[in-house]
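# Structural overview
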Amino acid sequence: MKKTVAVLPGDGIGTEVMEGTIKVLNAVADRFGHTFEFQKGVIGGAAIDETGEPLPKETLDVCKESDAVLLGAVGGPKWDDLPRNLRPEKGLLKIRKELELFANLRPVKAYDSLLDASPLKEERIKGVDMLIVRELTGGLYFGTPSERREDGDRVVDTLSYTREEIERIVDQGFQAARKRNRKLTSVDKANVLESSRMWREIVNEKAANYPDVDVEHMLVDAAAMKIVQNPANFDVIVTENLFGDILSDEASMITGSLGMLPSASLRKDGFGMYEPVHGSAPDIAGKNLANPLAMILSSSMMLNHSFNMKEESEAIDKAVKEVLEAGYFTSDLVKKGKRGLSTDKMINQVILQLAEDNATAGIMEAYA
Ligand code: IPM
Ligand code: MN
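Residues numbered from 1 in each chain as written. Chains lettered and ligands numbered in written order. Predicted model: local features only at pLDDT ≥ 70, side-chain atom pairs only at ≥ 80, totals over all residues. Heavy atoms only, no water.

### Quick look at the pattern of salt bridges
The full count for this structure, using the stated rule, is 23 salt bridges. Through salt bridges that share partners, Asp-80, Arg-87 and Glu-89 make up one connected network. (Salt bridge = Lys/Arg side-chain N within 4 Å of Asp/Glu carboxyl O.)

### Regarding helix α9 (residues 241–252)
Taking 1.5 Å of rise per residue, twelve residues should cover 16 Å, and α9 covers 17 Å from first to last C-alpha, within 8% of that figure. Looking at α9, one finds that the buried residues are Asn-241, Phe-243, Gly-244, Leu-247, Ser-248, Ala-251 and Ser-252. The arc that holds the buried residues of α9, viewed along the axis, is 155°, so those residues lie on one side. Considering only its buried residues, α9 is in contact with β4 (103–109), β5 (129–135), β8 (183–188), α7 (194–207), α8 (220–229) and β10 (236–239). (Helix = DSSP H or I, 4+ residues; strand = E, 2+ residues; numbered from the N terminus. Expected span 1.5 Å × (residues − 1). Buried < 20%, exposed > 50% of the residue type's maximum accessible area, 1.4 Å probe, protein only. Arc of directions from axis to C-beta. Contact = heavy atoms within 4.5 Å.)

### A closer look at the pairing of strand β3 (residues 68–73)
Taken across its six residues, β3 has six buried, putting it largely inside the fold. Of the pairings in the sheet, the one linking strand β1 (residues 2–10) to β3 comprises five bridges and is parallel in character. Paired with Gly-10 across the two strands is Ala-73, which belongs to β3. Judged from the two bridges that link them, β3 and strand β12 (residues 272–274) form a sheet pairing that is parallel. Note that in β12 the partner of Val-69 across the bridge is Met-273. (Pairing = 2+ DSSP bridges.)

If you want it as structure tokens, here you go:
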């Protein structure tokens, strides 16, 4: 199969982890006989430096003409003092909005081989496998700009949702639960926010269409507590934009590091952009220290969701799991007294593992 992928490395460690991910995808293409054509675009701080704006039209066009988008990370101290609308993050919010990527899927899995890298107790996190479905194009992130500042001493951020915006993300939550363990936790703040009250109403209405899914409502503060107290209790969490942003960083500690979390941001028709949950990590950028696994796992989500390449996606997930099981890790995954691999070396391990799995599969086929 031939597929065109828009590649937007962005800033900081985004460029480092993207480079390695393309190597991994090329290895997969060789093994399975596909062709991936990569079209580069600038976004974030890199785009500001080059074109004066965080999301130039050319980049958006490249994305629209591609079969899927891979994004690294945006932001960094260099651009911190720019006005809100010109910051690197604006590029990310704009691309999400322009491409209508309203459904952000953030899987959180505890790898057995990384249980000791988590600050949480092993017995609580073992076997945890949850999915956070975060609304991505509404809420506080997209408040009306004119309402942001009325005079010098007053700021206003608006949290607005339409019924349709809530309905479509809630449907995504139910559908994801249906494919998994049929449990949906809808997270809101219905004891305070009107938007949450409408959210809860809609979840209750929709529940009638999914009688096979168990639904519970949870206030966001309680959810933050329970993710640490009993993470195994969760299957699918569906929630609005800002709550999902906060809870996914919190939940990443189950895997041991934010550097392990991939994500998919999907449009109604299935078109998707794939990015790690971590940011540009300016403190370690350019040092060959970043964990590339979140980006690599995001590319696996791309193969699965956008290209329907299930076997190829599983091959990447398997290789990552095996590399971790063999004891390799990067320095974000704190293991007492040991030094982690560099970004490059971790990428090479994943590629070697893919090759080895390929050889094993070949031998098994020969003997079948
Ligand atoms: C994320 C990031 C972004 C967000 C930032 C960089 C704007 O934290 O993808 O979680 O808040 O959505
Ligand atoms: Mn975030």
